[in-house]
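Summary of the model geometry
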Amino acid sequence: MAGIGFELQKALREESYLGKIRGYLYAAVISSGPWLLSVVALSLLGVVSATFLSREAVALFAATITHTFAVSLITTGLIQMVVTRYLADELYMNRPESVGPTFVAVLVLSSGVQFVIINALLALTDLPLGYRLPAAALYVAVSGLWVAMVFLSAARDYLSIVAAFAAGYLISFLAAALLGSRYGLSAYLMGFAGGQMIALGLLSARVLAEFEPERPLNLSFAGYFRRYPSLAAIGLTYNLGLWADKIVFWISPTGVDVGSFMNVFQPYDTSFFVASLVIIPSLALFTVNIETDFYTHYRSFYDAIQSRLSLGDLLAAKRGMARSLKGSYLSLFKVQGAVALLSVTVLTPLTRIMNLPPGYWPLFRVMVLGMSAQVFLLFTVLILLYLDLRGSALAACCTFLAANVVLTALTIPAGPGLYGYGFLAASVLGALFSVALLRERFGKLEYLTFSRQPMSS
């Protein structure tokens, strides 16, 4: 995330509160902006569409959006971390000219594959062609947005990025409301998909403007799949783990058939979407800490190795990383704890806005606690990847995935009183396991770093 790192360092160097606020806003935008806009836009559409669409049509639209997010995040997880690693290496080698053509290649190839996947899935449904076409367009556009976010993390003009996302969701909202009120459900979905396609177009233009390609395509990133297969596995297992409990609910007797294979369980799905907003302050805080203070010590550690400095210099840099990590986790615990406590007490009326039946209000609180634990798992996995401890990161993600599937399946028969506790327990287990792995590996980091180097004569 070279771009956000540069901007954060510049903002935090300013001796003013305004500069520091700007830094945290940058971090919030790049880490959570699209998710926040999507939740707000979909919540507003849910309220507006109830005035001109039937309950069955609203349920099918919600199922389409939920499954679009789930499948697109899981499938793009296969490429996101591999491409991120390739971009990081290219920028470290001072080759920014490869970013633009790599973006074009990744976007074109992934869009083609996603087009085939979504049409194969939609062919299994009995949905009319007039609905399947905008559903496919929406899926390909959203998948492209996840890909674009990888490249936008290297960009610097965050105001343009926010403006592009805001314009896309505003158009989605207006077009869906206008077309849907006149022509029905398929037009409603078409309007929403149109806004997402415009957002993808604007963001693609932003990437290409900042990293103007000198050649049409760069396929060199493909070699990183053979070089770092564990990164593809980490991206897949983490995203699959995050959706595993929802999928288990959908295929269980609690899943609600909305006229296609796209089952939903609205109280659970809605609680997850809204509860995910409570981690935004922590995402911003952690991004700032890692991209500024931790990165400084991290760079000193690896510079000391490359410059063949003394063991004392190496251990001093390692102690700096340890202090930074300890401070980051402590700040994370305070901020996330406060936000979670506020969400489950003062913000209880939010459950009424979400139109959750009173019997499911405890579910929202459990999901808030689950997402709070999820923050620690996510950040620890990212730190493990920073330190190139890919095996440990994959072990943590696989543990979370397996625990989420098993514990969710075990809690469903117990009834609504235990809904969400499977996800909460899996998140806590995954977070504790990942932190234990990080603690053990970090203790012998200098040994692991040197032992992984290739032998030379």
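A brief report on the enclosed structure follows. Here the structure is a predicted model, which means the values were calculated and not measured.

Rules behind the numbers
Residues numbered from 1 in each chain as written. Predicted model: local features only at pLDDT ≥ 70, side-chain atom pairs only at ≥ 80, totals over all residues. Heavy atoms only, no water. Helix = DSSP H or I, 4+ residues; strand = E, 2+ residues; numbered from the N terminus. Contact = heavy atoms within 4.5 Å. Areas by Shrake-Rupley, 256 points an atom, 1.4 Å probe, with all protein chains shown as cover. Axes fitted to C-alpha atoms, helices over the stretch in contact; angles between N-to-C directions. Parallel < 35°, antiparallel > 145°, perpendicular 65-115°, else oblique. Left-handed = near helix turned anticlockwise from the far one by under 90°. Nonpolar A, V, L, I, M, F, W, Y, C, P; charged D, E, K, R; others polar. Core = buried A, V, L, I, M, F, W, Y, C linked by side-chain atoms within 4.5 Å. Buried < 20%, exposed > 50% of the residue type's maximum accessible area, 1.4 Å probe, protein only. Domains from an automatic or database assignment. Salt bridge = Lys/Arg side-chain N within 4 Å of Asp/Glu carboxyl O.

Regarding its fold elements, the protein presents 17 helices and zero strands. A separation threshold of at least 6 residues defines the contact pool for the protein, and within that pool the share at least 24 residues apart is 81%. Carbon and sulfur atoms make up 69% of the accessible area of the protein, which totals about 20,500 Å².

Right, let's get into the packing of helix α12 (residues 311–344) against helix α16 (residues 421–443). Where α12 contacts α16, the axes come no closer than 12 Å and their chain directions differ by 165 degrees. Relative to α16, α12 is oriented roughly antiparallel. Between α12 and α16 the crossing geometry is left-handed. Here K318, M321, A322, L325 and Y329 of α12 come into contact with α16, specifically with L438, F442 and G443. Its residues placed into classes, the contact of α12 with α16 shows six nonpolar, one polar and one charged.

Its identity as a non-glycine residue notwithstanding, N94 has a phi of 60 degrees, on the positive side. Tracing the chain through its elements places N94 in the loop between α3 (55–92) and α4 (99–122). For R308, which is not glycine, the phi torsion reads 55 degrees and is therefore positive. Among the structural elements, R308 can be located in the loop between α11 (280–306) and α12.

Counting 129 residues, the largest nonpolar core has F61, F151, F192, W243 and L387 as the members making the most contacts within it. The biggest single contributor to this core is helix α5 (residues 129–152), with 15 residues. For this core, the two domains that each supply at least three residues are domain 1 (3–241) and domain 2 (275–450). Beyond its immediate sequence surroundings of up to four residues, F151 is in contact with V83, L87, V99, T102, F103, V106, V207 and F211.

This part covers helix α10 (residues 266–275). Within α10, eight of the ten residues are buried, which leaves the element mostly enclosed by the surrounding structure. Taken as a whole, α10 has its buried residues at P267, Y268, D269, S271, F272, F273, V274 and A275.

Time to look at the pattern of salt bridges. By the definition in use, this model includes ten salt bridges. Among the salt bridges present, the one from E210 reaches R206, with a minimum N-O distance of 3.9 Å. Taken as a pair, E210 and R206 lie in helix α7 (residues 185–210) at a separation of four residues, close to a single helical turn. Here R390 makes a salt bridge to D388, at a shortest N to O gap of 2.8 Å. Each of R85, D89, D388 and R390 takes part in a single network of salt bridges with overlapping partners.

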